[in-house]
Amino acid sequence: MMPAGNRMPLAPSRMGLILAGLFTALVLAAGVGNAAGETIPRLVDLGADKCIPCKMMAPILEELGRDYTGRFDVVFIDVWKDRDQARAYGVQLIPTQIFYGSDGRELYRHQGFYSREEILAKWQELGFDFSR
């Protein structure tokens, strides 16, 4: 029997993917807190583990995440494995880096490779000084 509106129900696996994507989007939109429970800025990198510039950025992102723990968060999303996230973020080219303020607002978006120095300079330009 066809459900109301002549729409087929989503398969359980598809529904799980949608819910997982929504959960990820909600967590990212809400911001991530530091040890004091404060919401901190966030850098979201949307790429793929097989993309050459993305591979070049991986150690930079890992290092930033380690060096700036509690001051800003670094999140990587593999958009080849999770295409719903690519659509949700409006990704047209990878890698794409999105800078979010403490309030969860998107502050800046960059497409392509971005060095550690360029990322930190952009944070400073956006009003965040992580050198202290």
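A brief structural summary. Throughout this document, residue positions are counted from 1 along each chain, in the order its sequence is written. Under the rules for a predicted model, residues below a pLDDT of 70 receive no local features and side-chain atom pairs below 80 are neither given nor counted, while totals for whole chains, interfaces and linings still include all residues. The side-chain figures draw on all heavy atoms in the structure; neither hydrogens nor water molecules are used.

Here, two cysteine sulfur atoms that lie within 2.5 Å of each other are counted as a disulfide. The full count for this structure, using the stated rule, is one disulfide. There is a disulfide in this structure between C51 and C54, and the S-S distance comes to 2.4 Å. Note on the C51 and C54 pair: the S-S dihedral is about 75 degrees, so by sign convention the disulfide is right-handed. The exposure classification of C51 matches that of C54, with both residues buried. A 1.4 Å probe rolled over the protein chains alone gives each residue an accessible area, and that area as a share of the maximum for its type sets the label: buried under 20%, exposed over 50%, partly exposed in between.

For the rest of this paragraph, the subject is helix α4 (residues 116-125). Counting from the N terminus, the helices are the DSSP runs of H or I reaching at least four residues and the strands are the DSSP runs of E reaching at least two. Within the sequence span of α4, burial applies to R116, I119, K122 and W123. Buried residues along α4 cover an arc of 130 degrees about the axis, so they all sit on one side. The exposed residues of α4 that point more than 90 degrees off its buried face are E117, Q124 and E125. Two residues form a contact once any of their heavy atoms are found within 4.5 Å. In this structure, the buried side of α4 is in contact with β3 (42-47), α2 (52-67), β5 (96-100) and β6 (106-111). Note on α4: the residue one or two positions beyond its end, G127, has a positive phi of about 100 degrees. Read the arc as the range of directions from the helix axis to the C-beta atoms.

Salt-bridge detection follows one rule: a side-chain nitrogen of Lys or Arg within 4 Å of a carboxyl oxygen of Asp or Glu. The full count for this structure, using the stated rule, is eight salt bridges. The residue E63 makes a salt bridge to R116 at a minimum N-O spacing of 2.8 Å. Residue E63 is located in helix α2, and its partner R116 is located in helix α4; the two are separated by 53 residues in the primary sequence. Residue R116 is classed as buried on the basis of its relative accessible area, which comes to 18%. The residue R87 makes a salt bridge to D84 at a minimum N-O spacing of 2.5 Å. Here D84 and R87 lie together in helix α3 (residues 83-89), a separation of three residues that amounts to about one turn. With relative accessibility at 21%, the residue D84 sits in the partly exposed group. A cluster of three or more residues bridged by salt bridges with shared partners is formed by D49, K50 and K81.

Only strands that DSSP links by at least two bridges are regarded as paired with each other. Taken in spatial order, the four strands make up an open sheet running β4-β3-β5-β6, and their pairing is mixed. The open sheet has two free edges, formed respectively by β4 (73-78) and β6, since each of these has just one partner strand. Between one strand and the next, the sheet's axes are offset by a mean angle of 15 degrees, whatever the strand orientation. As paired strands, β3 and β4 are joined by six bridges and run parallel to one another. By the bridge assignment, R42 is partnered in β4 with D73. To obtain an axis, a line is fitted to C-alpha atoms, over the contacting stretch when the element is a helix, and the angle between two such axes runs from 0 to 180 degrees between their N-to-C directions.

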